[in-house]
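Here is how the chains run, residue by residue.
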Amino acid sequence: MERILISGLTIYYDAEEREAVDEIVLACERSVETITSSWQLAVPQNCRVYIMTTWPRCVFQGAPLGSQVILGFTLPLWYSEFKKRWYYAGGWSQSYGDRQVVGIKTPRLIAQTPDPMGVSLFIKQENIEQKVLSIVCHELTHAFSSHLCLPAWMNEGLAMVSTDRCLGRPTVRQDTLQLLKDENQEQRAAEKINLNTQSREEVVQLYVRGYWLTRYLVEIQPALMEKLLSLRISHQELEGFIASELDIGTDTFWQEIDQLVVAKYNLELT
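Residues numbered from 1 in each chain as written. Predicted model: local features only at pLDDT ≥ 70, side-chain atom pairs only at ≥ 80, totals over all residues. Heavy atoms only, no water.

Draft legend 1. The nonpolar core, seen in detail. Judged by nonpolar contacts, the single largest core of 68 residues is most densely connected at L140, L217 and I242. When residues of this core are assigned to their parent elements, the largest contribution, 11 residues, is made by helix α10 (residues 200–220). One finds Y12, W55, L71 and W86 within the second-largest nonpolar core, a separate group that totals 15 residues. (Core = buried A, V, L, I, M, F, W, Y, C linked by side-chain atoms within 4.5 Å. Buried < 20%, exposed > 50% of the residue type's maximum accessible area, 1.4 Å probe, protein only. Helix = DSSP H or I, 4+ residues; strand = E, 2+ residues; numbered from the N terminus.)

Draft legend 2. Main features of the environment of E19. Within the secondary structure layout, E19 lies in helix α1 (residues 18–39). For the pair E19 and V32, spaced 13 residues apart in sequence, the C-alpha separation works out to 21 Å.

Draft legend 3. Representation of the side chain of R99 in the model. Its place among the elements puts R99 in strand β5 (residues 99–105). Although R99 lies buried, it forms no salt bridge, and the closest oppositely charged side chain, D98, sits 6.1 Å away as judged by the N-O distance. If sequence neighbours within four positions are ignored, R99 has contacts with N46, R48, G62, A63, P64 and Q94. (Lys, Arg positive; Asp, Glu negative; His and termini not counted. Salt bridge = Lys/Arg side-chain N within 4 Å of Asp/Glu carboxyl O. Contact = heavy atoms within 4.5 Å.)

Draft legend 4. Region of the structure containing the sheet that holds strand β3 (residues 46–52). In space, the 5 strands of this open sheet follow the order β1-β2-β3-β5-β4, with mixed pairing throughout. What marks the edges here is a single partner per strand, and that holds for β1 (2–6) and β4 (91–96). Taking each pair of neighbouring strands and ignoring which way they run, the sheet shows an average axis angle of 20 degrees. Bridging between β4 and β5 involves 6 bridges; their strand directions are antiparallel. (Pairing = 2+ DSSP bridges. Axes fitted to C-alpha atoms, helices over the stretch in contact; angles between N-to-C directions.)

Draft legend 5. Spotlight on the pairing of strand β2 (residues 9–13). Of all 5 residues in β2, 5 are buried; the element is thus mostly enclosed. In this structure, β1 lies alongside β2, joined through 5 bridges in antiparallel fashion. Residue pairing across strands places L5 opposite T10, the latter belonging to β2. Sheet analysis places β2 next to β3, joined by 3 bridges and oriented parallel. Bridge pairing in β3 links Y12 to Y50.

Draft legend 6. Geometry of the state of the cysteines. In this structure the tally under the stated criterion is 0 disulfides. Left without a disulfide partner, C28 is nearest to the cysteine sulfur of C47, which lies 8.4 Å away. Judged by its relative accessible area of 2%, C47 is buried. (Disulfide = S-S within 2.5 Å.)

Draft legend 7. Geometry of the pattern of salt bridges. For the structure shown, the criterion picks out 7 salt bridges. Where R108 meets E17, a salt bridge forms, and the shortest distance between an N and an O atom there is 3.3 Å. In this pair, R108 sits in helix α5 (residues 107–112) while E17 sits in the loop between β2 and α1, placing the two residues 91 residues apart along the sequence. Judged by its relative accessible area of 45%, R108 falls in the partly exposed class. We classify E17 as buried; its relative accessible area is 13%. Here E219 and R215 are joined by a salt bridge, their closest N and O atoms 3.1 Å apart.

Draft legend 8. A look at the pairing of β3. Most of β3 sits out of view: 6 of its 7 residues are buried. Where the polypeptide runs from β2 across α1 and back to β3, its parallel neighbour, the crossover connection is left-handed. As paired elements, β3 and β5 share 7 bridges and run parallel to each other. Each bridged residue has a counterpart across the sheet, and for C47 the counterpart in β5 is Q100. (Right-handed = clockwise from strand over helix to strand, strands pointing away.)

Draft legend 9. Looking closely at the packing of helix α3 (residues 65–73) against helix α4 (residues 75–88). It is the contact of α3 with α4, at a shortest axis distance of 6 Å, that shows an interaxial angle of 85 degrees. By the angle between their directions, the pair α3 and α4 is classed as roughly perpendicular. Of the residues in α4, those touching α3 at L71, G72 and F73 are L75, P76 and W78. Partitioned by chemical class, the residues of the contact of α3 with α4 number 5 nonpolar, 1 polar and no charged. (Parallel < 35°, antiparallel > 145°, perpendicular 65-115°, else oblique. Nonpolar A, V, L, I, M, F, W, Y, C, P; charged D, E, K, R; others polar.)

Printed below as a string of structure tokens:
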């Protein structure tokens, strides 16, 4: 594969995908500027971006040799699930120790990728350049913040708010707030949701909660958000710290958080 260095990243690509490279390079430059300036996160020392055209290559190319061997032996265990995820995903990120790997489909493939979950979450985006930028920024945010070991809701929320900042506008549908108002919605801890195994409805719930709470903290409690990104504590302790700072109960954390967020952003609708 060919490779180029840009903004501290190493971008790998096939020579015949040169046109796609130019577009993804611009998206990487813009995303790096947004992530580093917004969250004071440094570019990882070993961060690789692969422009992907097939799913087996996106799995094996970025992995160190030892991980490639393990992936090969365990192929029957993850083949079907990853192949399915490849069909719907525009990008993906993976951590191998100190190596951060991001895979991005070519713009041509992104334009052909269905996104049934995204339809219920995101404001419709017709412009392919904006779609590419959204995916690149989201996945690079995961790569830049992986060492923080954030809870799942904040991990996704930070990536989504980064994308808002990169595009200069909200990207999540305002009507997703209804999920936080639904009295029939099970008030389970967001941390219990496994993105790989739970139902689409539960995963959407995690993304919605993660986005709106992270956005709330960034806009209403920026000093608290900055503090949270500097802490190295367990997920339970982090959520307890948030509860203490916002003066809400730990036993009713998510219920009260949902109420705070809905009260703030529903007012903006009127």
